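Single-letter residue listing:
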Amino acid sequence: MGETPDSTRPGDWQCPNTECINNTGFPKFFVFGTKVNCPKCGTGKHAQRPGDWCCPNPSCVNHQNTVYGSKPACTRCGTARPPLNVRGGPQNNMMMNPGGGAYTAGM
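A brief report on the enclosed structure follows. The shown structure was predicted, so the numbers you read here are calculated from the model rather than taken from an experiment.

Focus on the packing of aromatic side chains
For step 1, the next point in the chain: As enumerated under the stated definition, the model contains one aromatic pair in all.
For step 2, the next point in the chain: Here Phe30 and Phe32 contribute two aromatic rings whose centre-to-centre distance is 5.3 Å and whose plane-to-plane angle is 90°, an arrangement assigned as edge-to-face. Note on accessibility: Phe30 and Phe32 belong to one class, buried.

Here we look at the layout of surface pockets
For step 1, the next point in the chain: Quantified by volume, the largest pocket comes out at close to 240 Å³.
For step 2, the next point in the chain: If you trace the largest pocket, you find 15 residues lining it, with Lys35, Asn37, Pro39, Pro82 and Pro83 closest to the centre.
For step 3, the next point in the chain: Across the lining of the largest pocket, the residue classes break down as nine nonpolar, four polar and two charged.

What about unusual backbone geometry?
For step 1, the next point in the chain: The peptide bond linking Phe26 to Pro27 adopts the cis configuration, its omega dihedral lying at 10°.
For step 2, the next point in the chain: Summarising the element assignment, Pro27 is placed in the segment after α1 (21–24).

What to know about the pattern of salt bridges
For step 1, the next point in the chain: On inspection of all chains with the given rule, the structure shows one salt bridge.
For step 2, the next point in the chain: Residue Arg49 pairs with Asp52 through a salt bridge whose shortest N-O separation is 3.4 Å.
For step 3, the next point in the chain: The exposure class assigned to Asp52 is buried, which follows from its relative accessible area of 5%.

Thresholds, definitions, all that
- Residues numbered from 1 in each chain as written.
- Predicted model: local features only at pLDDT ≥ 70, side-chain atom pairs only at ≥ 80, totals over all residues.
- Heavy atoms only, no water.
- Phe/Tyr/Trp six-rings, centres within 6.5 Å; stacked < 30°, edge-to-face > 60°.
- Buried < 20%, exposed > 50% of the residue type's maximum accessible area, 1.4 Å probe, protein only.
- 1 Å grid on protein atoms, 1.4 Å probe; cavity = no way out; pocket = protein on both sides within 12 Å on 5 of 7 lines; lining within 4 Å.
- Points joined across faces, edges and corners; volume = space filled by probe spheres on them.
- Nonpolar A, V, L, I, M, F, W, Y, C, P; charged D, E, K, R; others polar.
- Helix = DSSP H or I, 4+ residues; strand = E, 2+ residues; numbered from the N terminus.
- Salt bridge = Lys/Arg side-chain N within 4 Å of Asp/Glu carboxyl O.

See the structure below:
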């Protein structure tokens, strides 16, 4: 309790996509540790390239590995690529809050 929305906790992570607000604005902007993909740009936690994503199926090997960003479904188990967070989207379409800053991940 008493944590501010922009304080990270163990397990929270910086998006590997260098063009994402959750990378450039870290540690103020970050991805909650419970997420396997960045809700702003969709890039997976363990991605080597922007846009690559992690399968949301926890029993799939690609939950820890990544799926190429061009694939609409996991190549191992067939689970569909997860949609972006309602507030997420490509960075150039990112929603801003009335105070002037970007919304943080997971809010």
